[in-house]
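# Breakdown of the fold
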Amino acid sequence: MAFWIPVVLTFFGLYLADFIKTNVIPSLFPLVKDGTVQIIYHNELFPTFIYAIMMIIIKPVAEELFFRKAIIRFGSKKKVLAFTVMSLVLCALSRAHGLLGIAEWILMALPVTIAYVATRNIYISVLAHVIFEFYDNIYSVVYTFARIFNR
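Residues numbered from 1 in each chain as written. Predicted model: local features only at pLDDT ≥ 70, side-chain atom pairs only at ≥ 80, totals over all residues. Heavy atoms only, no water.

## Considering a nonpolar patch on the surface
Rules: Like-charged residues are merged into a patch within 9 Å and nonpolar side chains (Val, Leu, Ile, Met, Phe, Trp, Tyr) within 5 Å, provided each residue has over 30% relative accessible area and no salt bridge. The accessible surface values rely on the Shrake-Rupley method and a 1.4 Å probe; as for residues, cover is taken only from the protein chains in view. Here, a salt bridge means any side-chain nitrogen of Lys or Arg that lies within 4 Å of a carboxyl oxygen of Asp or Glu. Secondary structure elements follow DSSP: runs of H or I no shorter than four residues count as helices, runs of E no shorter than two count as strands, and numbering proceeds from the N terminus.
Where nonpolar side chains cluster on the molecular surface, the patch consists of Leu16, Phe19, Val24, Leu28, Phe29 and Val32 and spans about 550 Å² of accessible area. Assignment of secondary structure puts leucine 28 in helix α1 (residues 4–28).

Here you go:
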């Protein structure tokens, strides 16, 4: 049970960050483009399946292992803070190029980063990230499969 509580809290942190990124920030900055990278839509089954595996499993696992596990080093509080900020910025820069987009993706990376730093357990942030990506992507994958089968 001690493992699942931080996973659930981190998932809800990701959900809240996504809500702010999707609903609050655009209303505050209606004329500013966020500079995020757009997703390509597929019209074939195999590329859609590969896309689903990549977005729901491979991407979140790779991001957590690189941006959290490989970059954040524990030791002194200053060291943890410096590597955590570097991790957040690098993660955001890999997703967006505009200042607003970078700020949004720092916001999105905060819950998993906090979970990793607080627990020092990469599996908590990995699992929460995978669950969130499933939640965030499964509707488009199912819709795409249904669209392909019904053409």
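Okay, back to it.
## Observations concerning helix α3 (residues 77–93)
Our working rule: Any helix carries an expected span of 1.5 Å times its number of residues minus one. Any pair of residues with heavy atoms lying within 4.5 Å of one another is described as a contacting pair.
Taking 1.5 Å of rise per residue, 17 residues should cover 24 Å, and α3 covers 24 Å from first to last C-alpha, within 8% of that figure. On its buried side, α3 packs onto α2 (45–70) and α4 (99–119).

## Digging into the nonpolar core
Going by this rule: Here, the term nonpolar core denotes a set of buried Ala, Val, Leu, Ile, Met, Phe, Trp, Tyr and Cys residues that are joined through side-chain atoms within 4.5 Å. Accessible area is worked out with a 1.4 Å probe on protein chains only. A residue is then buried under 20% of its type maximum, exposed over 50%, and partly exposed in between.
Ranked by size, the top nonpolar core spans 10 residues in total: Phe11, Leu14, Ala17, Ala92, Ala96, Ile102, Trp105, Met108, Val112 and Phe132. Where this core is concerned, the elements lending two or more residues are α1 and α4. It is α4 that contributes the most residues to this core, 4 residues altogether. Apart from residues lying up to four places away in sequence, leucine 14 is in contact with Met108, Pro111, Val112, Ala128, His129 and Phe132.

## What to know about the environment of glycine 98
One can find glycine 98 in the loop between α3 and α4. Remark: the alpha-carbon pair of glycine 98 and valine 32, spanning 66 residues in sequence, is separated by 9.1 Å.

## Considering unusual backbone geometry
Despite not being glycine, arginine 120 shows a phi value in the positive range, around 60 degrees. Tracing the backbone through its elements, the reader meets arginine 120 in the loop between α4 and α5 (122–149).

## Regarding the packing of aromatic side chains
Selection criterion: Only the six-membered ring of Trp is used, alongside the rings of Phe and Tyr, when aromatic pairs are assigned; centres must lie within 6.5 Å, and planes under 30 degrees apart are stacked while those over 60 apart are edge-to-face, with the rest tilted.
Tallied over the entire structure, the rule returns 8 aromatic pairs. Pairing phenylalanine 11 with tyrosine 135 gives two aromatic rings, centres 5.9 Å apart and planes at 85 degrees, and the pair type is edge-to-face. Residue phenylalanine 11 is located in helix α1, and its partner tyrosine 135 is located in helix α5; the two are separated by 124 residues in the primary sequence. By relative accessible area, which is 15% here, phenylalanine 11 ends up buried.

## Some details on the confidence of the model for the protein chain
The predicted coordinates ought not to be read in detail in places where the model reports low pLDDT. The line we're drawing: For every residue, the predictor assigns a confidence score, pLDDT, that lies between 0 and 100.
Of the residues in the protein chain, 93% have a pLDDT of 70 or more, and the chain-wide mean is 90. α1 is the least confidently modelled element of the protein chain, averaging 92 in pLDDT, while α3 averages 96, the highest of any element.

## Digging into the packing of α1 against α5
Note the cut-off: Throughout, an axis means a line fitted to C-alpha atoms (over the contacting stretch in the case of helices), and angles, computed between N-to-C directions, take values from 0 to 180 degrees. Every angle not falling under 35 degrees, over 145, or within 65 to 115 is termed oblique; those three ranges are roughly parallel, roughly antiparallel and roughly perpendicular. The sense of a crossing depends on the near helix, which, turned anticlockwise from the far helix by less than a right angle, makes the crossing left-handed and, turned clockwise, makes it right-handed. Classes in brief: Ala, Val, Leu, Ile, Met, Phe, Trp, Tyr, Cys and Pro nonpolar; Asp, Glu, Lys and Arg charged; the others, Gly included, polar.
Contact pair α1 / α5: the axes reach a minimum separation of 8 Å and the direction vectors enclose 45 degrees. The orientation of α1 relative to α5 falls into the category oblique. The crossing of α1 and α5 is right-handed. Touching Trp4, Pro6, Val7, Thr10, Phe11, Leu14, Tyr15 and Asp18 of α1 are Ile124, Leu127, Ala128, His129, Ile131, Phe132, Tyr135 and Asp136, all from α5. Tallied by class, residues from the contact of α1 with α5 come to 12 nonpolar, 2 polar and 2 charged.

## As for the environment of alanine 115
On the secondary structure map, alanine 115 appears in helix α4. When near neighbours in sequence (up to four residues on either side) are disregarded, alanine 115 contacts Thr10, Arg120 and Ile124.

## What to know about the pattern of salt bridges
In total, this model carries 4 salt bridges according to the counting rule given. The salt bridge involving arginine 68 is made with glutamate 64; its shortest N-O contact spans 2.9 Å. With arginine 68 and glutamate 64 both in helix α2, this residue pair falls 4 residues apart, about one helical turn. Glutamate 64 shares its class with arginine 68; the two are buried.

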